[in-house]
Amino acid sequence: MDYDFDLIVVGGGSGGIACAKRSAKYGKKVMCIERARLGGTCVNVGCVPKKVMWSAAHISDILKHDMKHYGFSAGGDVTLDFPRLKKARDDYVKRLNSIYAKGFEDSGVSNVFGDCTFVDANTVQVTGEGGNVTKYSGEKIVIATGGRPHFPPGEGIEEHCISSDGFFDLEELPGVAVVVGAGYIAVELAGVLNSLGSETHLVVRKAKALREFDPLISDGLDIEMAKAGINIHRNTNGVAKVTKDHQGKKIVTLHSGDVIYGVDVVLMAAGRVPNTEDLCTECEWAPNTEKLHLENCGVKVDPRRYIVVDEYQNTNVENIFALGDVCGKVELTPMAIAAGRRLADRLFSGKPEFVNAKVSYEYVPTVVFSHPTIGTCGLTEPQAKEKYGEKNLNVYTSKFSNLFYGIFDMLPEEKPKTLMKVICAGTNEKVVGIHVLGMGADEMMQGFGVAMKMGCTKADLDSCVAIHPTASEELVTMGVWGTSSQMSGAKVSPLGGAAPGEPLLR
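Fair warning: this is a prediction, and the values are worked out from it, not measured in the lab. (Residues numbered from 1 in each chain as written. Predicted model: local features only at pLDDT ≥ 70, side-chain atom pairs only at ≥ 80, totals over all residues. Heavy atoms only, no water.)

## Focus on the pattern of salt bridges
Alright, step 1. By the definition in use, this model includes 21 salt bridges.
Alright, step 2. A salt bridge links Lys140 to Glu139, with the nearest nitrogen and oxygen atoms 3.9 Å apart.
Alright, step 3. Note on Glu139: relative accessible area 37%, which makes it partly exposed.
Alright, step 4. With its nearest N and O atoms 3.9 Å apart, the salt bridge here joins Glu390 to Lys385.
Alright, step 5. Classification of Glu390 by relative accessible area gives exposed; the value is 56%.
Alright, step 6. Take Lys385: its relative accessible area is 32%, and that puts it in the partly exposed class.
Alright, step 7. One network of salt bridges, with partners in common, ties together Asp214, Glu381, Lys385, Glu390 and Lys421. (Salt bridge = Lys/Arg side-chain N within 4 Å of Asp/Glu carboxyl O. Buried < 20%, exposed > 50% of the residue type's maximum accessible area, 1.4 Å probe, protein only.)

This is how it looks when you write it as structure tokens:
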């Protein structure tokens, strides 16, 4: 049977774009369908504009709190031109949208904008501007529609609150902001708002934020956020209702009975859901809006609404695949990109080494752009205990103030702290978890992630000479240096002063 395309990708986010371009590189005829702007959540209302705002907040912290300790004076109050910052950020995002469009053009990928609906397992129809409907057929189809913010139930919540998407629509910095949620999005945006000058409240359902992170890190961030001036409302069980007073200010009532008055912005960051509600009409949670009609092609979703896939991104339908946040496993942009590229390699490369190509979901390094930042890879200590047993673990920790704060005129206990933990398992002390909170954590974790993917041991870390003076050197000097079990996880052991391996030359 002849098809219009070898591959149709539904969703023009990071994973979909990566899969489409890699597939086209192999000479396949590819089309990508996107309902909004190219780049998906990450580029438009996620990682990229969030990092811009984090950078602005970081500069604000330096100007307000740090520069005086180094002898600098601003000669007056430091002010923020928020509209100018927003315009510069939005212009940058628009440039990225154009770069993605040019990338499709250069790669030979056809790009169509509109709402996509399945007709059958090989056919979709796209409703574009003006209601024009066009059908397209594809031998293979990839679903990469991502996720979106979730609003919990409650009086006035959808009416009076914004999501993390709405954060990037703010035209001015709110005087008083309430951020609801305990995940990384909540702590990141609460940190940004607080550092830029908003009176910031963080509402968490239980005792603290980031409860799924290693306790050393979540406890440490909790302390640092409180020291920074964020008002943390604990054990609230969430927001009961949001109303307005006679001045138009929001009143936030929590299930615990606490009430926050005079609020300008309530930002709900209580979780995300996959973009499958618009994909299925026979599920009880499906709204009466334009559907992708998964029932027309038979693709299954799980009880949490995520598309069910195996380790190779295969759905239960032979020619349909899914990847990224819509699958609910390691919901990170680089993870979706890697999955998209490996899927394309397996399907279209024709190379023997890619016959069973797949992406690894283990030991994925990630960063939280909180204040201070967090870098983490691998198992938390509770997870490691459950998997390997406490008697098989050696755990190394360190707590110190970054040298940046060395000359600060304040008591040592008042200085921001860096916290580190290295979790090792087995007689060979294989590193199964690295966790960092503190200045520079975001930039140091990538290299240690490579080491963990290669199976490094504590002895391997010790074998790397420290870079001094840096915070990251602490990770290769923990404990009594050089006394760990002298066993390497490397193919060519670096222990005992051994020379590095040589490349395989042509």
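## What to know about the packing of aromatic side chains
Alright, step 1. On inspection of all chains with the given rule, the structure shows 8 aromatic pairs.
Alright, step 2. The interplanar angle of 65° and the centroid separation of 5.6 Å between the aromatic rings of Trp54 and Phe369 together place this pair among those described as edge-to-face. Of the two residues, Trp54 is situated in helix α3 (residues 47-66) and Phe369 in the loop between β18 (366-368) and β19 (374-378); the sequence distance between them amounts to 315 residues. For the pair Trp54 and Phe369, one class covers both residues: buried.
Alright, step 3. A cation over a ring is seen here: Lys29 above Phe5, with NZ or CZ 5.2 Å from the ring centre.
Alright, step 4. When the ring centre of Tyr396 is taken as reference, the NZ or CZ atom of Lys458 above it lies at 4.7 Å. (Phe/Tyr/Trp six-rings, centres within 6.5 Å; stacked < 30°, edge-to-face > 60°. Helix = DSSP H or I, 4+ residues; strand = E, 2+ residues; numbered from the N terminus. Lys NZ or Arg CZ within 6 Å of the ring centre and 35° of its normal.)

## A closer look at the confidence of the model for the protein chain
Alright, step 1. Per-residue pLDDT for the protein chain has a mean of 93; in total, 97% of the residues score no lower than 70.
Alright, step 2. When the criterion is pLDDT under 50, residues 279-290 qualifies, and its contacts beyond four places in sequence or with other chains add up to 33 contacts. (pLDDT = per-residue confidence, 0-100. Contact = heavy atoms within 4.5 Å.)

## Topic: the nonpolar core
Alright, step 1. Counting 38 residues, the largest nonpolar core has Met53, Phe167, Val187 and Leu202 as the members making the most contacts within it.
Alright, step 2. Looking at this core, the element that brings in the most residues is helix α7 (residues 184-196), giving 8 residues.
Alright, step 3. The residues contacting Leu202, other than those within four sequence positions of it, are Val179, Gly181, Ala186, Val187, Ala190, Ala209, Met225, Ile230, Asn231, Ile232 and His233.
Alright, step 4. Formed by 27 residues, the second largest nonpolar core is a distinct cluster that contains Leu379, Val432, Met445 and Phe448. (Core = buried A, V, L, I, M, F, W, Y, C linked by side-chain atoms within 4.5 Å.)

## Points about unusual backbone geometry
Alright, step 1. In this model, His371 is joined to Pro372 through a cis peptide bond whose omega is 5°.
Alright, step 2. Structurally, Pro372 is set in the loop between β18 and β19.
Alright, step 3. Note that the residue after His468, namely Pro469, is joined by a cis bond; omega there is -5°.
Alright, step 4. Residue placement: Pro469 occurs in the segment after α12 (458-463).
Alright, step 5. Residue Asn237 is not a glycine yet carries a positive backbone phi of 60°.
Alright, step 6. With respect to the helices, strands and loops of the structure, Asn237 is situated in the loop between β11 (231-233) and β12 (239-244).
Alright, step 7. For Asn237, a relative accessible area of 47% puts it in the partly exposed group.
Alright, step 8. Here the phi dihedral of Gln313 falls at roughly 70°; this positive angle occurs in a residue that is not glycine.
Alright, step 9. Secondary-structure assignment places Gln313 in the loop between β16 (272-274) and β17 (320-322).

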